[in-house]
Amino acid sequence: MNIAMELQNVHKTIGQKEIIKGLNFSIRSGEVFGFLGPNGAGKTTTIRMMVGLMNITKGDIKINGSSIKDDFKEAIQHVGAIVENPEMYPFMSGWKNLKHYARMIPGITDNRIKEVITLVGLEKAIHEKVGRYSLGGMRQRIGIAQALLHSPSILILDEPTNGLDPAGIREIRHYIRNLAKKENVSVIVSSHLLTEIELMCDRIGIIKNGELVTVEDVRDNQENDQHITVKLEVDDKMAAITLLKDQFDIEAKEVQSNVTFKIEKDQIPLIVKQLVQENIAVFEVALERSSLEDKFFELIGENTIA
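Residues numbered from 1 in each chain as written. Predicted model: local features only at pLDDT ≥ 70, side-chain atom pairs only at ≥ 80, totals over all residues. Heavy atoms only, no water.

- As annotated in an unreviewed UniProt entry, the protein carries the name ABC transporter and is attributed to Gracilibacillus boraciitolerans JCM 21714.
- Taken verbatim from the UniProt record of the protein, the Sequence similarities (unreviewed entry) comment is "Belongs to the ABC transporter superfamily." (UniProt positions renumbered as here; feature names shortened; annotations may be inferred.)

Below is the structure:
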């Protein structure tokens, strides 16, 4: 698989403090990559280095093989970005805003403007003044359209669903997935909404205190995760808890009238069989896979605000 962006031993020092400590990871072509970490972990600093708004102290970032340090003009032409909120002229229509930005980059035709408008689903509202756009998905979509005008291979979105209602969040998720699939654009998404990241992304990278904690495939984690929580509804909860401890060395507890414990999935049939043999009636077995949120707090610590 082609690599769209690669971070090579990236460090950032401000004054005497090392903010970013040797980041090494890559972004594949056509994937949606979630960039996660608690406040102060270094997400925004890393994104600013990716787009050239902040110098790299040590290391390098390669974009389609070009160095952001040594060949900035060549590297940055492949990048579109929205850092914080997209800013538009409210007294102009969406179309005139895009035409205005298109004049700054040679070679952008009206046909290309129409293409990005269709990609983000703004055909009906494009000739309305941006000031009348809803604070939700419409303003985010016109910002994404602007970032896509020059046909970048990488789109960087810092908190793209910030402030949106559930319908707007769902819309932006749909358009981000659509971009990656139809345009083969690599999308890097920084967000605090862990549930949305899990639904939106192919892979995630988690940083803490300026260091990379892990990079994981979201889809594989969902399919292969063996750490599942089992909830049993039984007629004798204390007897079930004792059996699980004595015969399987499983620490179970009573939670909201259920017996709850964590186990590997392939052990469940044996446990149910043993409970029945001991005349403990089993009325229901419910499974809950660990979510990205569970994984996140497991890695960065329960007391850290994300």
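## Topic: the nonpolar core
Here comes step 1: Residues Ile144 and Leu155 are the most contacted members of the largest nonpolar core, which totals 44 residues.
Here comes step 2: Broken down by element, the residue count for this core peaks at 6 residues, all from helix H5 (residues 137-148).
Here comes step 3: Core analysis: the second largest hydrophobic core is formed by 26 residues, Phe35, Val51, Ile56 and Ile156 among them. (Core = buried A, V, L, I, M, F, W, Y, C linked by side-chain atoms within 4.5 Å. Buried < 20%, exposed > 50% of the residue type's maximum accessible area, 1.4 Å probe, protein only. Helix = DSSP H or I, 4+ residues; strand = E, 2+ residues; numbered from the N terminus.)

## Digging into the packing of helix H3 (residues 94-102) against H5
Here comes step 1: Their axes nearest at 10 Å, the elements H3 and H5 cross at an angle of 25 degrees. Here H3 is positioned roughly parallel relative to H5, judged by the angle of their axes. Judged by the twist between their axes, the crossing of H3 over H5 is right-handed. On the side of H3, the interface is formed by Gly94, Leu98 and Tyr101, while H5 contributes Ile142, Ala145 and Gln146. (Axes fitted to C-alpha atoms, helices over the stretch in contact; angles between N-to-C directions. Parallel < 35°, antiparallel > 145°, perpendicular 65-115°, else oblique. Left-handed = near helix turned anticlockwise from the far one by under 90°. Contact = heavy atoms within 4.5 Å.)

## Here's the deal with the pairing of strand S1 (residues 3-14)
Here comes step 1: Where S1 and strand S2 (residues 17-28) come together, 9 bridges link them in antiparallel fashion. Bridge pairing in S2 places Leu7 opposite Phe25. (Pairing = 2+ DSSP bridges.)

## Focus on the side chain of Gln140
Here comes step 1: With respect to the helices and strands, the residue Gln140 is situated in helix H5.
Here comes step 2: Given a relative accessible area of 7%, Gln140 falls into the buried group.
Here comes step 3: Contact partners of Gln140, with chain neighbours within four places excluded, come to Ile82, Pro86, Glu159, Pro160, Thr161, Leu164 and Ile172.

## Looking at the packing of aromatic side chains
Here comes step 1: Within the structure shown, the criterion is met by 3 aromatic pairs.
Here comes step 2: Residues Phe25 and Phe35 carry aromatic rings whose centres are separated by 5.8 Å and whose planes lie at 35 degrees to one another, so their mutual orientation is tilted. One end of the pair, Phe25, is in strand S2; the other, Phe35, is in strand S3 (residues 32-36), with 10 residues separating them in the sequence.
Here comes step 3: You can call Phe25 buried: its relative accessible area is 7%.
Here comes step 4: Phe35 sits in the buried class, given a relative accessible area of 0%.
Here comes step 5: Consider the rings of Tyr89 and Phe91, whose centres lie 5.8 Å apart with planes at 55 degrees: the pair is tilted.
Here comes step 6: Looking at Tyr89, the relative accessible area reads 33%, which means it is partly exposed.
Here comes step 7: Take Phe91: its relative accessible area is 57%, and that puts it in the exposed class.
Here comes step 8: Aromatic rings pair up to connect Phe25, Phe33 and Phe35 into one cluster. (Phe/Tyr/Trp six-rings, centres within 6.5 Å; stacked < 30°, edge-to-face > 60°.)

## Comments concerning helix H9 (residues 237-248)
Here comes step 1: Taking 1.5 Å per residue as the helical rise, H9 with its 12 residues ought to reach 16 Å, and the 16 Å between its terminal C-alpha atoms agrees with that figure.
Here comes step 2: Contacts made by the buried residues of H9 are with strand S11 (228-234), strand S12 (253-255), strand S13 (258-263) and helix H10 (268-277).
Here comes step 3: Among the residues trailing H9, Asp249 stands out with phi positive, at a value near 55 degrees. (Expected span 1.5 Å × (residues − 1).)

## Thoughts on the sheet that holds strand S7 (residues 154-158)
Here comes step 1: Spatially, 6 strands are ordered S6-S7-S8-S3-S9-S10 in an open sheet, and the strand pairing comes out mixed. The open sheet has two edge strands with one neighbour each: strand S6 (79-82) and strand S10 (211-217). Neighbour-to-neighbour, the strand axes of the sheet open up by a mean angle of 15 degrees, direction not taken into account.
Here comes step 2: In the sheet, strand S9 (residues 203-208) pairs with S10 via 6 bridges, with the strands oriented antiparallel. Opposite Gly205, over in S10, you have Val215 as the bridge partner.
Here comes step 3: Contacts between H5 and the sheet are confined to S6 and S7, with S6 contributing the most and set at about 155 degrees to the helix.

## A word on H5
Here comes step 1: Over its 12 residues, H5 extends 16 Å from the first C-alpha to the last, a length consistent with the 16 Å expected when each residue adds 1.5 Å.
Here comes step 2: Counting buried positions over the 12 residues of H5 gives 10, a clear majority of the element.
Here comes step 3: Listing the buried residues of H5 in full gives Gly137, Met138, Gln140, Arg141, Ile142, Gly143, Ile144, Ala145, Ala147 and Leu148.

## Concerning the pattern of salt bridges
Here comes step 1: Per the stated rule, a full pass over the model turns up 6 salt bridges.
Here comes step 2: A salt bridge links Asp202 to Arg177, with the shortest nitrogen-to-oxygen separation between them at 3.2 Å. Residue Asp202 is located in the loop between helix H7 (194-200) and S9, and its partner Arg177 is located in helix H6 (residues 166-182); the two are separated by 25 residues in the primary sequence.
Here comes step 3: Residue class for Asp202 comes out buried when judged on its relative accessible area of 17%.
Here comes step 4: On the basis of relative accessible area, Arg177 is assigned to the partly exposed category, the value being 28%.
Here comes step 5: Here Lys245 and Glu251 are joined by a salt bridge, their closest N and O atoms 2.5 Å apart. (Salt bridge = Lys/Arg side-chain N within 4 Å of Asp/Glu carboxyl O.)

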